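A look at the structure
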Amino acid sequence: NSNTTFQTCATILPIQLTSFNTVKKDNNALVTWTVENQDANADRFVIERSFNGNTFTAIGTTPVNVNGALRIDYSYTDLNITGTKNNGVIYYRLRSVDKNGSFVNSDIKNVKLTNKTIAMSLYPNPAKTYTNLTFELAEASKVTVTISDAAGKTVNTVNINGVKGINQKQIEIA
C-alpha cells in the first residue's frame, strides 16, 4: 500500500442572480429577482432606476434574506411610475452589495409606459377662418395644440385646460 495525499480547498460559490425581471403592473413597476448561493457576506440589494438608461439613482434597498435556502426570491415595487415626468421607458438595474462594500450590477431591464392616444376630430378641414377641435381625455390635463401649415411650419400654438371627458374648442386659423 502506498500513501496518497489529497489537498482540497473550500471555495465559496459567489452569489448568483438567476433571474431579474421588471413588469408594469397597474401604475407601478414590479421588480423581481431570484438568487442562488447567497452566503453570509451578502448584505443588501439596491434597486436603481434611470430615465435615460445611463444615469441610475437608488430608489430602494432590500436586505438579504438569511433563511439558509439555496434559492431565494425577492421583489420590490416602484410606486406610481405613470406619475413620473417620463413618457417613454424607465430602466432598472439591481446592485448586489456585500458587507465589505464590494458590489456587482445586474443587467439593465426596462418598463415601457403606454402612452394613451387621444382620439380627436377636427372640422371643417380644410378650413379658412376657424376649425372645431373635439377630443376626449381620461383625466383633466393641460393640452397643447400646435397648428402647422402644409409645409410643416408652425403657425399657431393653443394651450387648452382639458377636462375629463369630451372637450371642444373652436380655434381661429385666419
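Data block above holds the structure.
In this report, the structure presented in the accompanying data block is examined. (Residues numbered from 1 in each chain as written. Predicted model: local features only at pLDDT ≥ 70, side-chain atom pairs only at ≥ 80, totals over all residues. Heavy atoms only, no water.)

As a further point, take the overall build of the protein. Secondary structure assignment for the protein yields zero helices and 13 strands. Overall, the protein shows an N-to-C arrangement of helices and strands of β-β-β-β-β-β-β-β-β-β-β-β-β. Here the protein holds 174 residues, and the buried ones make up 29% of them. Within the protein, contacts between residues separated by at least 24 positions form 51% of all contacts whose residues are at least 6 apart in sequence. (Helix = DSSP H or I, 4+ residues; strand = E, 2+ residues; numbered from the N terminus. Buried < 20%, exposed > 50% of the residue type's maximum accessible area, 1.4 Å probe, protein only. Contact = heavy atoms within 4.5 Å.)

Next up on the list: the sheet that holds strand β10 (residues 130-137). Ordered by their spatial adjacency, three strands build an open sheet running β9-β10-β13, and the pairing between neighbours is antiparallel. Looking along the sheet, the strands with just one partner apiece sit at the ends: β9 (120-123) and β13 (165-172). The average undirected angle you get between the axes of adjacent strands in this sheet is 15 degrees. Relative to β10, β9 runs antiparallel, the two sharing four bridges. The residue of β10 that forms the bridge with leucine 122 is leucine 133. (Pairing = 2+ DSSP bridges. Axes fitted to C-alpha atoms, helices over the stretch in contact; angles between N-to-C directions.)

With that out of the way, let us pick up the pairing of strand β1 (residues 16-25). Bridge count for β1 against strand β2 (residues 28-36) is nine bridges, and the pairing is antiparallel. Across the sheet, residue leucine 17 finds its bridge partner in β2, namely valine 35.

Let us now look at the pattern of salt bridges. Scanning the entire structure with this criterion turns up four salt bridges. Across the pair arginine 44 and aspartate 43 runs a salt bridge, and its minimum N-O distance is 2.5 Å. Judged by its relative accessible area of 28%, aspartate 43 is partly exposed. Linking aspartate 78 and arginine 49 is a salt bridge whose minimum nitrogen-to-oxygen distance equals 2.9 Å. In this pair, aspartate 78 sits in strand β5 (residues 71-78) while arginine 49 sits in strand β3 (residues 42-50), placing the two residues 29 residues apart along the sequence. Through salt bridges with shared partners, a single ionic network connects Glu48, Arg93 and Arg95. (Salt bridge = Lys/Arg side-chain N within 4 Å of Asp/Glu carboxyl O.)

Inspection of the entire model under this criterion finds three aromatic pairs. Site record: aromatic cluster; members linked through ring pairs are Trp33, Phe45 and Tyr74. Sitting over the face of the ring of phenylalanine 103, arginine 95 holds its NZ or CZ atom 3.8 Å from the ring centroid. (Phe/Tyr/Trp six-rings, centres within 6.5 Å; stacked < 30°, edge-to-face > 60°. Lys NZ or Arg CZ within 6 Å of the ring centre and 35° of its normal.)

Next up on the list: the side chain of glutamate 48. Structurally, glutamate 48 is set in strand β3. Judged by its relative accessible area of 7%, glutamate 48 falls in the buried class. At a separation of 2.5 Å, a polar atom in the side chain of glutamate 48 contacts the side chain of arginine 93. With sequence-adjacent residues up to four places away left out, glutamate 48 is seen in contact with Phe56, Thr57, Ala58, Ile59, Tyr91, Tyr92, Arg93, Arg95 and Asn105. (Polar contact = N/O pair within 3.5 Å; in protein donor to acceptor, adjacent residues only side chain to side chain.)

Once that is clear, we can look at the nonpolar core. Core analysis: the biggest nonpolar cluster contains 18 residues, and Val31, Trp33, Phe45, Ile47, Tyr74, Ile81 and Tyr92 have the highest contact counts within it. When residues of this core are traced back to their parent elements, those giving at least two are β2, β3, β5 and β6 (89-98). Take this core: its biggest share by element is four residues, from β2. Excluding anything up to four places from it in sequence, valine 31 contacts Phe20, Asn21, Thr22, Ile47, Tyr74, Ser75, Tyr76 and Tyr92. Listed in part, the nine residues of the second largest apolar core include Phe135, Ile147, Val158 and Ile171. (Core = buried A, V, L, I, M, F, W, Y, C linked by side-chain atoms within 4.5 Å.)

So, to be careful, I would describe these as geometric facts and stop short of saying anything about function.
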